[in-house]
Amino acid sequence: MTNQIRPHHLEEMLAAIVGPDRAARALDRIAVPAAVDWSRADGRISAAMLAMTLNILLFSDLYDRVPTARRWIEEQAAEGSAQWLDHGALRTIRFPGRGTGALPGGIDAFARILLPLGYEAAADYPLPRLRMTGRAFRHRDLPDAVPQFFVSELHVDQFDAVFVDAANRVFGSSHDPLSPLSRALLDLLGQQGWLTRQQAGELLPAIVGAFSRTHDIPHLADYDILRAGSSEAAWIATEGNAFNHATSRVADVGALAGQLRQQGYPVKEAVEHSASGRVHQTAFRADPVSRRFRDDDGAIVERVVPGSFYEFITRDIDPATGRIDLAFDSGNATGIFAVTRAAA
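Residues numbered from 1 in each chain as written. Predicted model: local features only at pLDDT ≥ 70, side-chain atom pairs only at ≥ 80, totals over all residues. Heavy atoms only, no water.

Topic: the overall build of the chain
The condition is simple: Starting at the N terminus, helices and strands are each numbered in turn, a helix being any DSSP run of H or I of at least four residues and a strand any DSSP run of E of at least two. Every radius of gyration here is taken over C-alpha atoms, with the globule rule written as 2.2 Å times N^0.38, N being the number of residues. Per-residue accessibility, obtained with a 1.4 Å probe over protein chains only, is compared with the maximum for each type, and a residue is labelled buried under 20%, exposed over 50%, and partly exposed between these values. Throughout, a residue-residue contact means that at least one pair of heavy atoms, one from each residue, lies within 4.5 Å. Think of it this way: Lys and Arg go in the positive column, Asp and Glu in the negative one, and His and the chain ends go nowhere. A single reference atom marks each charge: NZ on Lys, CZ on Arg, CG on Asp, CD on Glu.
Secondary structure summary: the chain contains 12 helices and 14 strands in total. The globule rule puts the C-alpha radius of gyration for 344 residues at 20 Å, and the 20 Å found for the chain is close to it. Considered along the principal axes of its C-alpha atoms, the chain spans approximately 60 × 50 × 40 Å. Counting the 344 residues in the chain, one finds 53% classified as buried. Here the contacts in the chain between residues at least 6 apart in sequence split such that 70% fall between residues at least 24 apart. Where the 35 positive side-chain charges of the chain centre and where its 42 negative ones centre are 1 Å apart.

Spelled out as structure tokens, the structure:
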């Protein structure tokens, strides 16, 4: 899969947010689907255009944060190959009956962003071993072309009181990164399906900022409590709602996994296969990152913890539709989540 177009509107929007050099680099490394209509002369930026731009910006952020992903992407770029973005994933946390500090609870914090961008909830995926639920958001107009989002939420009410108290202390300080203006622009986008160039330029940095950590630096003691109960909760404590991973759609993930091992990449041991037999996934192990905590005296200390990672997926044809199977799989997701497991 190769980059088919390099639309002027897209490059301008990206450059206004990340600068011309980063914008050009991203467009050299990502296959931009021609199905997205970038040719409009009326200055209107459609929901699909905004959705694709958001995905490229989040990919660019992950590229900066994850050295293993960057190494792979650069090697592919040197060979003239661009990444076809399949989906991005993020993790959230839900407290029973309320939000997370000033942030809406769990998946709700991102449904309010994704739905106006033209996404719809495609399916829920129970992850009982992790005490989580995943929800796939698929683009209503261009499901095959615009990357999906897999948003998971961890259910705090399924843990003991000690864990719940620590989670309250860590996540209770969360603020809402969306301003009243941003929320108004999302409402407008949802109503009419497009924004002006100026409105798009105001909205995009705000929604990109939502994919971040919005709570205070956690206390190390609380982090250790969360880590003992859930590696996923510990990951959210340090990384927040950043892209947990971005995923490249490839022709044969099994063959690619073998090639990556031979090249010394830190690939997970097994390829995950869906119950349908049509969705196949593997991933690099999460790159370590140094994060700040507060100790018992309130002083800042640092610890190395798991960061984000890069994933690969092969989607076979669904004989019922004659198109690629865009579904996810609970078993696959559970297996992939293990690559960010915090060390004891």
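Examining the nonpolar core
Worth spelling out the cut-off: Residues enter a nonpolar core if they are buried and are Ala, Val, Leu, Ile, Met, Phe, Trp, Tyr or Cys, with the set joined through side-chain atoms within 4.5 Å.
The biggest cluster of nonpolar side chains holds 68 residues, and the ones touching the most others in it are L117, F149 and Y310. Counting residues per element, this core draws most heavily on helix 3 (residues 47–65), at 13 residues. Core analysis: the second largest hydrophobic core is formed by 31 residues, Y125, A166, A234 and F293 among them.

With respect to the sheet that holds strand 2 (residues 85–94)
Quick reminder of the rule: At least two DSSP bridges between two strands are needed for those strands to be called paired.
The 8 strands are arranged 3-4-5-2-7-12-9-8 in an open sheet whose pairing can be described as mixed. In this open sheet, the two strands that pair with only one neighbour each are strand 3 (119–127) and strand 8 (272–273). When strand 3 meets strand 4 (residues 132–139), the two strands line up antiparallel, connected through 8 bridges. Its bridge partner being in strand 4, Y125 is matched across the sheet by G134.

Things to note about helix 1 (residues 8–18)
Formally: Of all possible arcs, the one meant is that of the directions from the helix axis to the C-beta atoms.
Buried residues of helix 1: H9, L10, M13 and L14, and no others. Projection of helix 1 onto a plane perpendicular to its axis shows the buried side chains occupying an angular sector of 125 degrees, all on one side. Set apart from the buried face of helix 1 by more than 90 degrees, the exposed residues are H8 and A16. Two residues or fewer after helix 1 comes G19, characterised by a positive phi angle close to 95 degrees.

Focus: the side chain of T53
The test is simple: Counting of polar contacts relies on pairs of N or O atoms within 3.5 Å, with two restrictions inside protein: one atom must be capable of donating a hydrogen and the other of accepting it, and residues adjacent in sequence are counted only when both atoms are side-chain atoms.
In this fold, T53 is placed in helix 3. Given the relative accessible area of 0%, T53 is considered buried. Among the polar contacts made by the side chain of T53, one reaches the main-chain carbonyl oxygen of M49 at a distance of 2.7 Å. Each residue touching T53, except ones within four places of it in the same chain, is listed here: L10, M13, L14, W38 and L204.

Examining the packing of helix 1 against helix 3
We count it as follows: Between the N-to-C directions of two axes lies an angle of 0 to 180 degrees, each axis being a line fitted to C-alpha atoms and, for a helix, fitted only over the stretch in contact. The labels follow the angle: roughly parallel below 35 degrees, roughly antiparallel above 145, roughly perpendicular from 65 to 115, and oblique for the rest. Two helices that cross are described as forming a left-handed crossing if the nearer one is turned anticlockwise from the farther one by less than a right angle, and a right-handed crossing if clockwise. Each residue receives one of three labels: charged for Asp, Glu, Lys and Arg, nonpolar for Ala, Val, Leu, Ile, Met, Phe, Trp, Tyr, Cys and Pro, and polar for the others, Gly being one of them.
Two elements in contact, helix 1 and helix 3, have axes separated by 11 Å at closest approach and are oriented at 45 degrees. Comparing their axes, helix 3 and helix 1 come out oblique. The handedness of the crossing between helix 1 and helix 3 is right-handed. Seen from helix 1, the contacting residues are H9, L10, M13, L14, I17 and V18; seen from helix 3, they are M49, T53, I56 and L57. Partitioned by chemical class, the residues of the contact of helix 1 with helix 3 number 8 nonpolar, 2 polar and no charged.

Here we look at the packing of helix 6 (residues 161–171) against helix 9 (residues 220–229)
For the pair helix 6 and helix 9, the least separation of the axes is 9 Å and the interaxial angle reads 130 degrees. Compared by their axis directions, helix 6 and helix 9 come out oblique. When the axes of helix 6 and helix 9 are compared, the crossing they make is left-handed. Contacts between helix 6 and helix 9 involve V162, F163, A166, A167, R169, V170 and F171 from the first element and D222, I225, L226 and G229 from the second.

Examining the packing of aromatic side chains
Test applied: Any two of the Phe, Tyr and Trp rings considered here, Trp counted by its six-membered ring, make a pair once their centres fall within 6.5 Å; the pair's planes then place it as stacked at under 30 degrees, edge-to-face at over 60, or tilted in between.
In the structure shown here, the tally under the stated rule is 16 aromatic pairs. A ring pair is formed by Y125 and F328, whose centres lie 6.1 Å apart and whose planes are at 80 degrees; its orientation type is edge-to-face. You can see Y125 sitting in strand 3 and its partner F328 sitting in the loop between strand 14 (323–324) and helix 12 (330–337), a full 203 residues away along the chain. On the numbers, 5.4 Å between centres and 85 degrees between planes, the contact of Y310 with F312 is edge-to-face. Like Y310, the residue F312 is buried in the burial classification. Among the aromatic residues, ring-to-ring pairing joins F59, W72, Y265, F284, Y310 and F312 into one connected group.

Points about the pattern of salt bridges
Two side chains of opposite charge can pair, provided their charged atoms sit close to one another. Selection rule: Each salt bridge in this description consists of a side-chain nitrogen of Lys or Arg and a carboxyl oxygen of Asp or Glu lying within 4 Å of one another.
Taken as a whole and judged by the stated rule, the model has 23 salt bridges. In this structure, the salt-bridge partner of D42 is R44, at a minimum N-O distance of 3.9 Å.

What about unusual backbone geometry?
In this structure, R131 is a non-glycine residue whose phi angle is positive, near 55 degrees. Relative to the helices and strands, R131 resides in the loop between strand 3 and strand 4.

So, the layout of surface pockets
Convention followed: Cavity means a closed set of points on a 1 Å grid over the protein atoms alone, one where a 1.4 Å probe fits but cannot get out, pocket means an open set with protein on both sides within 12 Å along at least 5 of 7 lines, and lining means a residue has an atom within 4 Å of a point. Grid points are joined across faces, edges and corners, and a volume is the space filled by probe spheres set on the points.
Considered as a void within the structure, the second largest pocket measures approximately 170 Å³ in volume. Taken together, L58, D61, R65, V208, F211, S212, R213, T238, E239, A242 and R291 make up the full set of residues lining the second largest pocket. Looking at the lining of the second largest pocket, the elements that each hand over two or more residues are helix 3 and helix 10 (231–239). The element best represented in the lining of the second largest pocket is helix 3, accounting for 3 residues.

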